[in-house]
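# What the coordinates show
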Amino acid sequence: MSDLVTLLEIGTPLVGTAGGLGYARAKAPAVYWSLVGMPVTRTRFAFTYRTTMDVCGLTVAPSRLRAFLSRTVTRSREAQPVPPKVRRVRPTSTGLRVTLRLPAGMEPADIAAASNRLRHAWGVQAVHVVEGKPGTVEMRMTGYDVLRRVKMPRRTPRRPMVIPVARREDGTAFVRDYRAIPHALTLGANQSGKSMYQRNLIKGLAERPIALVGVDCKRGVEQAPFSPRLSALATNPDEASGLVDAIVGEMEDRFDLLKEHQGITAGTPDAEITSDIWGLPADKRPVPIVVLIDEVAELFMVATRKDEERRDRMVTQLIRIAQLSRAVGIYLEICGQRFGSELGRGATMLRAQLTGRVVHRVNDKQTAEMGLGDIAPEAVSVATTIPPDRPGVAVAGDTSGGWSRIRTPEISISEVATVCRQFAHLTPDIPALATWRPIAPAVSGPAEGPSLVKPKPVTE
Ligand SMILES: Nc1ncnc2c1ncn2[C@@H]1O[C@H](COP(=O)(O)OP(=O)(O)OP(=O)(O)O)[C@@H](O)[C@H]1O
């Protein structure tokens, strides 16, 4: 049987030129996988599954009934050890997905512990093990390094508040699901790929009926190109302070709206009382708002006592938003190089509310711990080993303690700016933000006009 596999492996390259196949494998790994790698791996898997699982210690002793049947029907003295039953094998554009039914006495961690041995046995790039329904696991094999040149999967979730941002190393899409994880933090050293991550996110958000608010204290160099799709943009800490106050105002208005609706529904039999905006009728529901804060440390910097007061006030307001705003559809997306107690009062309290974590390459273990230590401690060391020649690679942790390596597709700032212009008609008019004006600069100089605020009618 293994001869047949070897024949396939040797014979296939002989059909074309060996050099040509090597070239295809390096330059177009997805095409190579579909045409060559997948049929070879599938055959190899089918013919070697039982022996591979046996040598990897992934079998259990047969039940008494099986041993009895084996003795009486096949007349063999010894019944074979039993590997997990293969429920389903599904080829994908990046690998093979195999669903296994676990025999009694085996747990998903047993398969996960052997994933490196399995990868070598079947000659694939990686084997990831994901728990399924009780008693089942899915082995996700990838045929090539899907993080080398990233393309998003063709089929990604299409729910309004679920934004595909990057690809996981098991080939699936990494999504930002705002209703499941309202607030998130992205960390990383210089040139590690944080802005690329935000660009991918903004591109996905811009295409949906969601309000985007920017805070970019690098004078707006990252976010100003996206201004046709931003409901407001603050480009220095003073403006940011005013904008955060305006967002708190909007949050309070939305709570009043919810309360008012509860009053109406309380008197109406059969009407559902809701405690968040998603339970409101669509025509009454305010548009969700995502607040994108780039380089958060800038908001904490202080030079004078007056700055310190402003900083403390703004951080308190941000903590209030992070604690309360989920119910009213306001979400925070914060990005920075580090986010620890050294930033100042309130930093760790705010960080604790940002439960979505993505950590790019970092310069020290301490920064990785700031991002992942409290939610996925095993992932801390993984984040410290991201190589500098792979910008955009990051470790995404989730609140269940799980984590995965991800990478965003490369996209230029002008491509995202084009998408923002194309979808500018989705930029909603948010009353509380419409009253916000950038605070006049403290030092004399050309005053920045109120053009930073762009209320626009919603045309859906
Ligand atoms: N996913 C990716 N794939 C390929 N190249 C990437 C990816 N992400 C980032 N890069 C490249 O890495 C470089 C740094 O990316 P980016 O500007 O996003 O990093 P950053 O962390 O925001 O840096 P800084 O903190 O200095 O602003 C850029 O040249 C960018 O093109």
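Fair warning: this is a prediction, and the values are worked out from it, not measured in the lab. (Residues numbered from 1 in each chain as written. Predicted model: local features only at pLDDT ≥ 70, side-chain atom pairs only at ≥ 80, totals over all residues.)

## Brief notes about the nonpolar core
In terms of nonpolar packing, the biggest core is built from 84 residues, with Leu212, Val213, Leu243, Ile247, Val291, Val359 and Ala383 touching the most fellow members. Looking at this core element by element, the count peaks at seven residues for helix α8 (residues 237-266). Setting aside anything within four residues of it in sequence, one finds Leu212 in contact with Ile202, Leu205, Ala206, Arg229, Leu230, Ser231, Val290 and Leu292. Grouped together as the second largest cluster of nonpolar side chains are 17 residues, Leu58, Val98, Leu102 and Val137 included. (Core = buried A, V, L, I, M, F, W, Y, C linked by C-beta atoms within 7 Å. Buried ≥ 20, exposed ≤ 12 C-beta atoms within 10 Å, placed from the backbone. Helix = DSSP H or I, 4+ residues; strand = E, 2+ residues; numbered from the N terminus. Contact = placed C-beta atoms within 7 Å.)

## Some words on the sheet that holds strand β3 (residues 126-131)
A sheet is described by the order of its strands in space; here four strands give the open sequence β1-β2-β4-β3, paired in antiparallel fashion. For this open sheet the edge positions go to β1 (85-91) and β3, each flanked by a neighbour on one side alone. Direction aside, neighbouring strands of the sheet carry axes that sit 20 degrees apart on average. Bridge count for β3 against strand β4 (residues 136-142) is six bridges, and the pairing is antiparallel. Bridged to Ala126 within β4 is Thr142. Each of β3 and β4 is contacted by helix α6 (residues 115-122), which is oriented at about 135 degrees to β3, the strand it contacts most. (Pairing = 2+ DSSP bridges. Axes fitted to C-alpha atoms, helices over the stretch in contact; angles between N-to-C directions.)

## Details of the UniProt feature "binding site: ATP" (unreviewed entry) in the protein chain
Under the present numbering, the feature "binding site: ATP" (unreviewed entry) in UniProt falls on Gly188, Ala189, Asn190, Gln191, Ser192, Gly193, Lys194 and Ser195. Tracing the chain through its elements places Asn190 in the loop between β7 (184-187) and α7 (194-206). The exposure class assigned to Asn190 is exposed, which follows from the 8 C-beta atoms found within 10 Å. Along the polypeptide, Ser195 turns up in helix α7. (UniProt positions renumbered as here; feature names shortened; annotations may be inferred.)

## Concerning the sheet that holds strand β13 (residues 393-397)
Taken in spatial order, the ten strands line up as β6-β5-β14-β13-β12-β7-β11-β10-β8-β9 in an open sheet, and their pairing is mixed. Unpaired on one side and paired on the other, β6 (173-177) and β9 (230-234) mark the two borders of the sheet. Averaged over all neighbouring strand pairs, the angle between strand axes comes to 25 degrees, with direction disregarded. Sheet topology note: the β13/strand β14 (residues 403-407) ladder contains five bridges and is antiparallel. Bridged to Gly397 within β14 is Trp403. Helix α12 (residues 365-373) contacts β7, β12 (356-360) and β13 of the sheet and is inclined by roughly 155 degrees relative to β12.

## Concerning the packing of helix α3 (residues 29-55) against α6
Taken N-terminus to C-terminus, the directions of α3 and α6 make an angle of 130 degrees; their axes are 10 Å apart at the nearest point. By the angle between their axes, α3 is oblique relative to α6. Both α3 and α6 take part in a crossing whose hand is right-handed. Here α3 contributes Thr41, Arg44, Phe45, Thr48 and Thr52 to the contact with α6, which in turn contributes Leu118, Ala121 and Trp122. Of the residues in the contact of α3 with α6, the class split is four nonpolar, three polar and one charged. (Parallel < 35°, antiparallel > 145°, perpendicular 65-115°, else oblique. Left-handed = near helix turned anticlockwise from the far one by under 90°. Nonpolar A, V, L, I, M, F, W, Y, C, P; charged D, E, K, R; others polar.)

## Concerning the packing of α7 against helix α14 (residues 413-422)
Two numbers describe how α7 lies on α14: the axes approach to 9 Å, and their chain directions differ by 15 degrees. Regarding the angle of α7 to α14, the classification is roughly parallel. By crossing handedness, the relation of α7 to α14 is classed as left-handed. Contacts between α7 and α14 involve Arg199, Ile202, Lys203 and Ala206 from the former and Ile413, Val416, Val419 and Cys420 from the latter.

## Quick notes on the site of the ligand
Within the structure, the ligand sits among 13 residues, and Gly193, Ser195, Met196, Pro391 and Gly392 are positioned closest to it. Looking at the shell around the ligand element by element, the count peaks at three residues for α7. Split into classes, the residues belonging to the shell around the ligand amount to two nonpolar, eight polar and three charged. (Near = placed C-beta within 6 Å.)

## As for the pairing of β6
Only one face of β6 is covered, namely the face carrying Phe174 and Arg176; the face carrying Ala173, Val175 and Asp177 is uncovered. Across five bridges, the pairing between strand β5 (residues 162-168) and β6 is antiparallel. Across the sheet, Ala166 pairs through a bridge with Phe174, a residue of β6. With antiparallel pairing between neighbouring strands as the criterion, β5 and β6 make up a hairpin whose turn holds four residues, including Gly171 at a positive phi of roughly 95 degrees.

## Remarks on the confidence of the model for the protein chain
Model confidence for the protein chain is summarised by a mean pLDDT of 85, while 86% of its residues fall at 70 or above. Counting interchain partners and residues more than four positions distant, the pLDDT-below-50 stretch residues 439-460 has 31 contacts. What the predictor reports for the complex is a pTM of 0.84 with an ipTM of 0.98. (pLDDT = per-residue confidence, 0-100.)

## As for α3
In a regular helix each residue adds 1.5 Å, so 27 residues correspond to 39 Å; α3 covers only 30 Å between its end C-alpha atoms and thus falls short of that length. At Thr48, α3 shows its largest bend, some 65 degrees. For α3, the complete set of buried residues consists of Trp33, Val36, Gly37, Thr41, Arg44, Phe45 and Met53. (Expected span 1.5 Å × (residues − 1). Bend = angle between axes of the 7 residues up to and from the residue.)

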